[in-house]
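The residues making up each chain are set out below.
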Amino acid sequence: MPSKEKVNILWFRNGLRLHDNQSLHKATTDKSRKLLPLFIFDGETPTTKHCKYNKMAFLLECLEDLDTQFWYHGGKLNLVEGDPVEVLRKISKHYAISKLCFDQDCEPIWLERDNAVKNFCGTHKIQIEESIGATLWDPLEIIEANGGSPPLTYSQFCHVTKGI
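Residues numbered from 1 in each chain as written. Predicted model: local features only at pLDDT ≥ 70, side-chain atom pairs only at ≥ 80, totals over all residues. Heavy atoms only, no water.

S.K.: Explain a nonpolar patch on the surface here, please?
M.R.: Taken together, Leu136, Trp137 and Ile164 make up a surface patch of nonpolar side chains, about 350 Å² in accessible area. The topology assignment puts isoleucine 164 in the segment after helix H7 (154-162). Its relative accessible area of 40% is what places isoleucine 164 among the partly exposed residues. (Patch = residues over 30% accessible without salt bridge, like charges linked within 9 Å, V, L, I, M, F, W, Y side chains within 5 Å. Areas by Shrake-Rupley, 256 points an atom, 1.4 Å probe, with all protein chains shown as cover. Salt bridge = Lys/Arg side-chain N within 4 Å of Asp/Glu carboxyl O. Helix = DSSP H or I, 4+ residues; strand = E, 2+ residues; numbered from the N terminus. Buried < 20%, exposed > 50% of the residue type's maximum accessible area, 1.4 Å probe, protein only.)

S.K.: It is not clear to me how unusual backbone geometry should be interpreted in this structure. Could you clarify?
M.R.: With the exception of glycine, the majority of residues adopt a negative phi angle, and the majority of peptide bonds are in the trans configuration. Despite not being glycine, aspartate 20 has its phi angle at roughly 55 degrees, a positive value. Residue placement: aspartate 20 occurs in the loop between strand S1 (5-12) and helix H1 (22-27). A residue is classified by how much of its surface remains accessible, and aspartate 20, at 65% relative accessible area, is exposed. Positive phi values are uncommon outside glycine, yet lysine 125 reaches one of about 55 degrees. Counting through the fold element by element, lysine 125 comes out in the loop between helix H5 (111-123) and strand S5 (127-131). Judged by relative accessible area, lysine 125 falls into the exposed class, the value being 75%.

S.K.: I keep staring at the sheet that holds S5 and nothing clicks. Help me out?
M.R.: Adjacent strands of a sheet form backbone hydrogen bonds with each other and so pair up, either parallel or antiparallel. Read across the sheet, 5 strands follow the order S3-S2-S1-S4-S5 without closing on themselves; strand pairing throughout is parallel. Two strands bound the open sheet, and with one partner strand each, they are strand S3 (78-81) and S5. For this sheet, the mean angle separating the axes of adjacent strands, direction not counted, is 30 degrees. Taken together, the 7 bridges between S1 and strand S4 (residues 95-103) define a ladder with parallel strand orientation. Directly across from lysine 6, in S4, lies its bridge partner alanine 96. (Pairing = 2+ DSSP bridges. Axes fitted to C-alpha atoms, helices over the stretch in contact; angles between N-to-C directions.)

S.K.: What should I look at first to understand the pairing of S1 in this one?
M.R.: Where burial is concerned, most of S1 is hidden: 6 out of the 8 residues are buried. As paired strands, S1 and strand S2 (residues 34-41) are joined by 6 bridges and run parallel to one another. Among the inter-strand pairings, phenylalanine 12 is bridged to a residue of S2, identified as phenylalanine 39. In the classification by handedness, the crossover that spans S1, the intervening H1 and the parallel S2 is right-handed. (Right-handed = clockwise from strand over helix to strand, strands pointing away.)

S.K.: Help me out: how do you make sense of the packing of aromatic side chains in this one?
M.R.: For any pair of aromatic rings, geometry is given as the distance between the ring centres together with the angle between the planes. According to the stated counting rule, one finds 6 aromatic pairs in the structure shown. Between tryptophan 11 and phenylalanine 102 the ring centres are 5.4 Å apart and the planes differ by 65 degrees, which places this aromatic pair in the edge-to-face class. Note that tryptophan 11 is positioned in strand S1 and phenylalanine 102 in strand S4, a separation of 91 residues in sequence. The class for phenylalanine 102 is buried, based on a relative accessible area of 1%. Ring centres of tryptophan 71 and tyrosine 72 lie 5.3 Å apart, and the angle between their planes is 65 degrees; this geometry places the pair in the edge-to-face category. In terms of burial, tryptophan 71 and tyrosine 72 fall into one category: exposed. Directly above the aromatic system of tryptophan 11 lies the positively charged group of arginine 13, at a separation of 4.5 Å from the ring centroid. (Phe/Tyr/Trp six-rings, centres within 6.5 Å; stacked < 30°, edge-to-face > 60°. Lys NZ or Arg CZ within 6 Å of the ring centre and 35° of its normal.)

Here it is in structure tokens:
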């Protein structure tokens, strides 16, 4: 049986851009691994579950732009539908996934999905690189430093960040 091609997956979720993208940088540091850019329509992400026509049209425009940018560099954006764990399971049948890179989504409603993906990666020895994409501070670090709950006022936030 021939060995599987080694890939690093860049899982696009909210940060639909190539410029200033830490997850992209982390996914491409090892040049011996092929980059597999991926967007999963899972029906659960903020953009695919809670959106109206204009937001969906904007999402599709962003994905088309990303695909065009990858095309200019000899690649493509892979769009799939399904549960992220099942998508990764199917991909792992054809590729040796070395690393999964994505932007942090710290909202509690996405925690179950992300934990399931992290558990899958852990059991399949896939390295995880989670970046802080849309915020200046790591929201999970702020919550931890504030005793497990988010600061409710700006002054409370400033107080918490001074201690970090």
